[in-house]
Number of protein chains: 2
Amino acid sequence: MSQLFQHLEPSDSHFEPDKDEVLNAIRWNADGLIPAIAQQYDSGEVLMMAWMNREALEKTLQSHRVCYWSRSRSTLWRKGESSGQVQKLKAMNLDCDGDTLLLQVDQEGPACHTGRRSCFYVRLEQNKAWVDQAPLIDPKTLYTNKP
Amino acid sequence: MSQLFQHLEPSDSHFEPDKDEVLNAIRWNADGLIPAIAQQYDSGEVLMMAWMNREALEKTLQSHRVCYWSRSRSTLWRKGESSGQVQKLKAMNLDCDGDTLLLQVDQEGPACHTGRRSCFYVRLEQNKAWVDQAPLIDPKTLYTNKP
């Protein structure tokens, strides 16, 4: 862990480290990415997890529209650009060892490409698995290049 | 994405795929791990993100006590084994493309090694960063090999 994060551990609330120093100390993975969890800010529902590179993170902080890095398409992915289901950023927090982000967002409609509100719909138990959410809308209606 | 997850996409709630088939289709990373987000089941607070290998995942489902894989120590890490701050599993869900877990847990005390309830305490904004949670307890009191 970087010295910066160790230095922050005993800090009281409201301590302000240098923001660029924090970004420089983020533990990006071998592909230069960090996982970002998106949580609906008012209901608390965890909607999805995706990945950001530094450009996506900075664009998200600047624009307050959440921008990820698409690992499958190797491109910036402004959430909602093809589905219309945008995510507005309410708050962004980094964790204690600087390798995971938690985003408080306001998600319009379904966050999941399957038309479900959340991506986490496959329930696992010791002896069985089941789908615990139905799609809200038909995903065929999602990808129509809405602005 | 595996055919299994594509097959589940249009499923209604309550559809039951074969549990072992689901575990076999999980997209473990190059180190055989999957990220697991822990959320307090009643308050909705996102507490931490850590990693599981298949053994940790199965132990968690069997015992209802959350077990991760410690990347720094290369060993199974039964959450709370050295701090006493155990996590009981309430529910486990896998996401749409089988590469992230969401755990609903009941966390005793602080989840974070710094003595904070949540690991996500470094707030980032466009022009500043700050610590937005104070420790609940002195972390020196956490690691005393409680049972």
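Residues numbered from 1 in each chain as written. Chains lettered and ligands numbered in written order. Predicted model: local features only at pLDDT ≥ 70, side-chain atom pairs only at ≥ 80, totals over all residues. Heavy atoms only, no water.

As recorded by an unreviewed UniProt entry, chain A carries the name Phosphoribosyl-AMP cyclohydrolase and is attributed to Aidingimonas halophila. Looking at the Subunit (unreviewed entry) heading of the UniProt record, one finds this comment for chain A: "Homodimer." (UniProt positions renumbered as here; feature names shortened; annotations may be inferred.)

Visitor: Describe the pattern of salt bridges, with residues and values.
Guide: The tally for this structure, following the rule as stated, stands at 14 salt bridges over all chains. In this structure, the salt-bridge partner of A:Glu58 is A:Arg54, at a minimum N-O distance of 2.8 Å. One end of the pair is A:Glu58 and the other is A:Arg54, both in helix H3 (residues 54–63) and 4 residues apart, which spans about a single turn. The class for A:Glu58 is partly exposed, based on a relative accessible area of 24%. Residues participating in the shared-partner salt-bridge network are A:Arg27, A:Asp97, A:Asp99 and B:Arg71. (Salt bridge = Lys/Arg side-chain N within 4 Å of Asp/Glu carboxyl O. Helix = DSSP H or I, 4+ residues; strand = E, 2+ residues; numbered from the N terminus. Buried < 20%, exposed > 50% of the residue type's maximum accessible area, 1.4 Å probe, protein only.)

Visitor: Tell me about the sheet that holds strand S6 (residues 101–107) of chain A, residues and numbers included.
Guide: Read from one edge to the other, the open sheet built from 6 strands follows the order S2(A)-S1(A)-S6(A)-S5(A)-S7(B)-S8(B), with strand pairing classed as mixed. The sheet terminates laterally at strand S2 (46–52) of chain A together with strand S8 (129–131) of chain B, the two strands that pair on one side only. The average undirected angle you get between the axes of adjacent strands in this sheet is 30 degrees. Contacts from H3(A) reach S2, strand S5 (87–94) and S6 of chain A together with strand S7 (122–124) of chain B within the one sheet, and its direction differs from that of S5(A) by about 115 degrees. (Pairing = 2+ DSSP bridges. Axes fitted to C-alpha atoms, helices over the stretch in contact; angles between N-to-C directions. Contact = heavy atoms within 4.5 Å.)

Visitor: Help me get a handle on the sheet that holds strand S5 (residues 87–94) of chain B, residues and values and all.
Guide: Read across the sheet, 6 strands follow the order S8(A)-S7(A)-S5(B)-S6(B)-S1(B)-S2(B) without closing on themselves; strand pairing throughout is mixed. Looking at the sheet topology across the chains shown, the edges are occupied by strand S8 (129–131) of chain A together with strand S2 (46–52) of chain B. With strand direction ignored, the average angle separating the axes of adjacent strands in the sheet is 30 degrees. In this structure, strand S7 (residues 122–124) of chain A lies alongside S8(A), joined through 3 bridges in antiparallel fashion. The partner of A:Leu124 across the bridge, within S8(A), is A:Ala129.

Visitor: Lay out the interface of chain B and chain A with the relevant residues and their values.
Guide: Opposite the 55 residues of chain B that make contact, chain A presents 55 residues. A buried area of about 4,800 Å², summed over both sides, lies between chain B and chain A, and 61% of it is on carbon and sulfur atoms. Together, B:Phe120, B:Leu124 and B:Gln126 form the three largest contributors to the area buried by chain B at its contact with chain A, with a combined 14%. Between the two partners, chain B and chain A, sit 4 salt bridges. Among the salt bridges present, the one from B:Asp99 reaches A:Arg71, with a minimum N-O distance of 3.0 Å. In this structure, the connection of chain B to chain A is made through 30 residue pairs in polar contact (both at pLDDT 80 or more). Looking at the side of chain B that touches chain A, the elements with two or more residues in it are helix H2 (19–25), strand S1 (34–40), S2, helix H3 (54–63), S5, strand S6 (101–107), S7 and S8 of chain B. No other element matches the 4 residues that S5(B) contributes to the side of chain B that touches chain A. When grouped by side-chain class, the residues that make up the side of chain B that touches chain A number 30 nonpolar, 13 polar and 12 charged. (Buried area = accessible area lost by both parts, 1.4 Å probe. Polar contact = N/O pair within 3.5 Å; in protein donor to acceptor, adjacent residues only side chain to side chain. Nonpolar A, V, L, I, M, F, W, Y, C, P; charged D, E, K, R; others polar.)

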